[in-house]
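Summary of the model geometry
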Amino acid sequence: MKLTQGLAAVVLLASASIAQAEITGNASVVSDYNWRGITQTSQDPALQAGIDYAHDSGFYLGAWGSNVDFGDCCDNNVEIDRYTGFRGGDAVTWDVGFIYYTYPSGEDPDYTEIYAGLGWNWLSGKVSYSNDFGNSGESAFYYEANAAYELPANFGVNAHIGYSDGDAIDLFYED
């Protein structure tokens, strides 16, 4: 009897936690998967999908995937990213997290990246860092600034600017 009551308590607790969370999904077809200014599909279309879990506490996690084509250099054809983090704030917002980029087919350029961001009203900025960008053994930073301004009738204007820096960037993207 005690086992049944304990199990019932665990189920009720888990149900309450799930009730304060949201699960969402997304899917898209794009003409070119462009990541930080570099095509990931040799300028060909991509099919992409993701699933996210967000809790009222600010904790979130998710997974996202896309087809990729890095040309003659690699046999990779799939990218799957898994991420987790915490976000919060009202007028001033914050977000810290971790992404694990994986390529289950072909070469093995799997790597991790951590990030931290701040926002205020419709402006935000974020810094991302990997100590082993693209499994190169070299580090890289990505700095970004974003603006998302809402307009009437469910329209909006978004702007993004970013800059990549570090030894791995010099290695991968030499002129």
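Residues numbered from 1 in each chain as written. Predicted model: local features only at pLDDT ≥ 70, side-chain atom pairs only at ≥ 80, totals over all residues. Heavy atoms only, no water.

Comments concerning the sheet that holds strand β4 (residues 46-55)
The sheet built from nine strands is open, its strands ordered β1-β4-β5-β6-β7-β8-β9-β10-β11 with antiparallel pairing. Edge strands, defined here as strands with exactly one partner in the open sheet, are β1 (21-30) and β11 (155-165). Within this sheet the neighbouring strands show an average axis-to-axis angle of 15°, counted without direction. In this structure, strand β6 (residues 78-89) lies alongside strand β7 (residues 92-102), joined through 10 bridges in antiparallel fashion. The partner of I80 across the bridge, within β7, is T102. (Pairing = 2+ DSSP bridges. Helix = DSSP H or I, 4+ residues; strand = E, 2+ residues; numbered from the N terminus. Axes fitted to C-alpha atoms, helices over the stretch in contact; angles between N-to-C directions.)

Some points on the confidence of the model for the protein chain
Averaged over the protein chain, the pLDDT score is 88; the fraction of residues at 70 or greater is 86%. Across the protein chain, strand β9 (residues 123-130) holds the top mean pLDDT of 98, while helix α1 (residues 2-19) sits lowest at 48. Confidence over residues 1-5 falls short of pLDDT 50; this stretch has zero contacts with residues more than four positions distant or in other chains. (pLDDT = per-residue confidence, 0-100. Contact = heavy atoms within 4.5 Å.)

With respect to the pattern of salt bridges
Applying the stated rule across the entire model yields one salt bridge. A salt bridge links E113 to R36, with the shortest nitrogen-to-oxygen separation between them at 2.9 Å. Within this pair, whereas E113 is found in strand β8 (residues 111-120), its partner R36 is found in the loop between β2 (34-35) and β3 (38-39), the two being separated by 77 residues in sequence. Owing to a relative accessible area of 2%, E113 belongs among the buried residues under this scheme. For R36, a relative accessible area of 24% gives the class partly exposed. (Salt bridge = Lys/Arg side-chain N within 4 Å of Asp/Glu carboxyl O. Buried < 20%, exposed > 50% of the residue type's maximum accessible area, 1.4 Å probe, protein only.)

Brief notes about the environment of N77
Within the secondary structure layout, N77 lies in the loop between β5 (59-67) and β6. Considered as a pair, N77 and Q40 are 37 residues apart in the sequence and their alpha carbons are 9.7 Å apart. When sequence neighbours within four positions are dropped, the list of residues in contact with N77 reads S66, N67, V68 and S105.

Considerations on the nonpolar core
In globular proteins that are soluble, nonpolar side chains generally tend to be buried together. Y33, W35, Y101, Y111 and F133 are the most contacted members of the largest nonpolar core, which has 16 residues in total. When contributions to this core are tallied by element, the ones reaching two or more residues are β5, β7, β8 and α2 (167-172). (Core = buried A, V, L, I, M, F, W, Y, C linked by side-chain atoms within 4.5 Å.)

Some details on the side chain of E113
There is a polar contact of 2.9 Å between the side chain of E113 and the side chain of R36. Apart from residues lying up to four places away in sequence, E113 is in contact with R36, G97, F98, I99, Y101, S128, Y129 and S130. (Polar contact = N/O pair within 3.5 Å; in protein donor to acceptor, adjacent residues only side chain to side chain.)

Topic: a nonpolar patch on the surface
A contiguous nonpolar surface patch, about 1200 Å² in accessible area, is contributed by F86, V92, W94, V96, L118, W120, W122, L123, Y149, L151, F155 and V157. Every element with two or more residues in the nonpolar patch is listed here: β7, β8, β10 (140-151) and β11. A relative accessible area of 42% means that W122 is categorised as partly exposed. (Patch = residues over 30% accessible without salt bridge, like charges linked within 9 Å, V, L, I, M, F, W, Y side chains within 5 Å. Areas by Shrake-Rupley, 256 points an atom, 1.4 Å probe, with all protein chains shown as cover.)

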